[in-house]
Amino acid sequence: MHPHHLHALAAAWSLHDARQTLDDLARDEAAQIAAERLEAPSLLRSTVYGGRPGSGSHSDPTPRMIAVADRPERRNRWAEMAERCTTKVTWLARQLRTIDAPPVLDRMLTEGVLGPEGEDDPLDWLIVALRYALPGTAAAVLRHLLAEEAWVRPAIGQRRPTQLLIGATCPGCDRREVLTVQTAGPKTAWTVVCVGRWEDNQHNPCLCLGAECGCGMPGAVEGVAHIWRRDHVLRAVAGAAPTQTN
Ligand SMILES: [Zn+2]
Ligand SMILES: [Zn+2]
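Only a predicted model underlies this, so the values are computations on that prediction, with no experimental measurement involved.

**Overview of the overall build of the chain**
Inference 1: Check the secondary structure of the chain and you find seven helices and six strands.
Inference 2: Overall, the chain shows an N-to-C arrangement of helices and strands of α-α-α-α-α-α-β-β-β-β-β-β-α.
Inference 3: Put simply, of all contacts in the chain between residues at least 6 apart along the chain, 64% involve residues at least 24 apart.

**Quick word on the sheet that holds strand β3 (residues 191-194)**
Backbone hydrogen bonds hold the strands of a sheet together, and the pairing may be parallel or antiparallel.
Inference 1: Pairing is antiparallel across the open sheet formed by four strands, whose spatial order is β1-β2-β3-β6. Strand pairing shows two members of the sheet lacking a second neighbour, β1 (162-164) and β6 (227-229), which therefore form its edges. Mean inter-strand twist for the sheet, computed between neighbouring axes without regard to direction, equals 30°.
Inference 2: In the sheet, β3 pairs with β6 via three bridges, with the strands oriented antiparallel. Within β6, the residue paired with valine 192 across the bridge is tryptophan 228.

**Structural notes on helix α6 (residues 135-156)**
Inference 1: Its 22 residues place the ends of α6 30 Å apart at the C-alpha level, agreeing with the 32 Å of an ideal helix rising 1.5 Å per residue.
Inference 2: Regarding α6, the residues found buried are Thr137, Ala138, Val141, Leu142, Leu145, Glu148 and Val152.
Inference 3: One or two residues past the end of α6 sits glycine 157, with phi positive at roughly 70°.

**Re the pairing of strand β2 (residues 179-182)**
Inference 1: As judged from the three bridges shared by β1 and β2, these two strands associate in the antiparallel manner. Bridge pairing links threonine 162 to glutamine 182 in β2.
Inference 2: Relative to β3, β2 runs antiparallel, the two being bridged by four bridges. In the sheet register, leucine 179 faces β3, and the bridge partner there is cysteine 194.

**A few points about the nonpolar core**
Inference 1: One finds Ala8, Leu9, Ala12, Leu126, Leu130, Val141 and Leu179 to be the most contacted residues of the largest nonpolar core, which totals 46 residues.
Inference 2: Sort the elements by how many residues they give to this core and helix α1 (residues 3-44) lands first, with ten residues.
Inference 3: Residue contributions to this core reach at least three from each of two domains, namely domain 1 (3-156) and domain 2 (162-240).
Inference 4: The residues contacting leucine 179, other than those within four sequence positions of it, are Leu165, Ala168, Cys170, Val192, Cys194 and Val233.

**Here's the deal with unusual backbone geometry**
Inference 1: The backbone phi angle of glutamate 177 is positive, close to 55°, even though this residue is not glycine.
Inference 2: Overall, the presence of 13 C-beta atoms within 10 Å leaves glutamate 177 in the partly exposed class.
Inference 3: Of note in this structure, asparagine 201 is not a glycine but carries a positive phi near 65°.
Inference 4: In this structure, asparagine 201 sits in the loop between β4 (197-199) and β5 (202-204).
Inference 5: Overall, the presence of 5 C-beta atoms within 10 Å leaves asparagine 201 in the exposed class.

**Side note on helix α5 (residues 122-130)**
Inference 1: The element α5 is extensively covered by neighbouring structure, given that seven of its nine residues are classed as buried.
Inference 2: Taken together, the buried positions of α5 are occupied by Pro122, Leu123, Trp125, Leu126, Ile127, Ala129 and Leu130.

**Here we look at the environment of valine 89**
Inference 1: Tracing the chain through its elements places valine 89 in helix α3 (residues 77-99).
Inference 2: With 23 C-beta atoms packed within 10 Å, valine 89 lands in the buried category.
Inference 3: It is 6.2 Å that separates the C-alpha atoms of valine 89 and proline 122, two residues lying 33 residues apart in sequence.
Inference 4: Those residues in contact with valine 89 that lie beyond four places of it in its chain are Pro122, Leu123 and Leu126.

**Concerning the confidence of the model for the chain**
Inference 1: Residues with a pLDDT of 70 or more make up 73% of the chain, whose mean pLDDT is 81.
Inference 2: For the chain, helix α2 (residues 63-70) is the element with the lowest average pLDDT, namely 58, and β2 is the one with the highest, namely 96.
Inference 3: Contacts from residues 50-56, a stretch scored under 50 in pLDDT, to residues over four places away or in other chains number three contacts.
Inference 4: Contacts for the low-pLDDT stretch residues 241-246, under 50 throughout, to residues beyond four places or in other chains number one contact.

**Some points on the environment of arginine 159**
Inference 1: Positionally, arginine 159 belongs in the loop between α6 and β1.
Inference 2: In this structure, the C-alpha to C-alpha distance between arginine 159 and glutamate 149, residues ten residues apart in sequence, is 9.5 Å.

Conventions and cut-offs
- Residues numbered from 1 in each chain as written.
- Chains lettered and ligands numbered in written order.
- Predicted model: local features only at pLDDT ≥ 70, side-chain atom pairs only at ≥ 80, totals over all residues.
- Helix = DSSP H or I, 4+ residues; strand = E, 2+ residues; numbered from the N terminus.
- Contact = placed C-beta atoms within 7 Å.
- Pairing = 2+ DSSP bridges.
- Axes fitted to C-alpha atoms, helices over the stretch in contact; angles between N-to-C directions.
- Expected span 1.5 Å × (residues − 1).
- Buried ≥ 20, exposed ≤ 12 C-beta atoms within 10 Å, placed from the backbone.
- Core = buried A, V, L, I, M, F, W, Y, C linked by C-beta atoms within 7 Å.
- Domains from an automatic or database assignment.
- pLDDT = per-residue confidence, 0-100.

Here it is, written out as structure tokens:
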């Protein structure tokens with residue numbers, strides 16, 4: 001697979017995980033709002049307030065209780081965010097379908113690999129369709145996915161999940177302790193990137209030199225941040241360090 005595809009798929013799986021968190025938050029918030037909705041009127045419907053005489057004035061609803069009962073229902077901002085994100089992803093999936101490889105995707109629809117549009121989640125659909133996109137399209141989709149991720153991840157307070165690959169050397173820049181596994185999505189979709197130099201308060205990944213690069217990447221593209229499939233790197237690491245047992 002082309003580096004542009006791997007970067008786009010990694011971003012898509014990361015967004016996939018982030019959307020699940022967003023959905024969980026939206027569900028919790030909906031439950032909370034429903035609980036509040038039940039709670040407020042029940043205070044007013046208490047038997048004491050229901051007209052039984054002589055119960056004592058201290059049992060009457062306090063101004064605070066009435067304020068709680070009258071306030072407008074809280075908006076579920078997590079649900080709004082999830083919906084906005086789904087709208088964007090749906091739009092993106094549609095772009096992809098109209099741009100590249102419609103015969104392949106149509107065949108997949110016919111064979112039931114993909115459900116009809118609107119049946120499958122648009123991001124699942126996008127992840128399958130991305131493999132058939134041209135590299136340039138994958139790069140364009142990546143930019144949209146990154147923009148979406150840059151908005152969703154800070155909102156949910158989670159970074160893209162990664163694990164440092166201990167003891168491995170980057171075949172691109174020859175540094176140790178820089179290769180990082182991107183662990184969103186299923187293990188078969190995991191990729192490895194190089195975090196490169198830490199400069200200007202950020203990671204500066206090593207960039208591919210193209211055909212002469214030592215990265216061993218099929219279809220190496222000059223100027224693109226290095227990325228490999230995880231199994232490719234694990235095989236290379238195992239080959240370079242035969243004493244390693246796992
Ligand atoms: Zn590197
Ligand atoms: Zn390279």
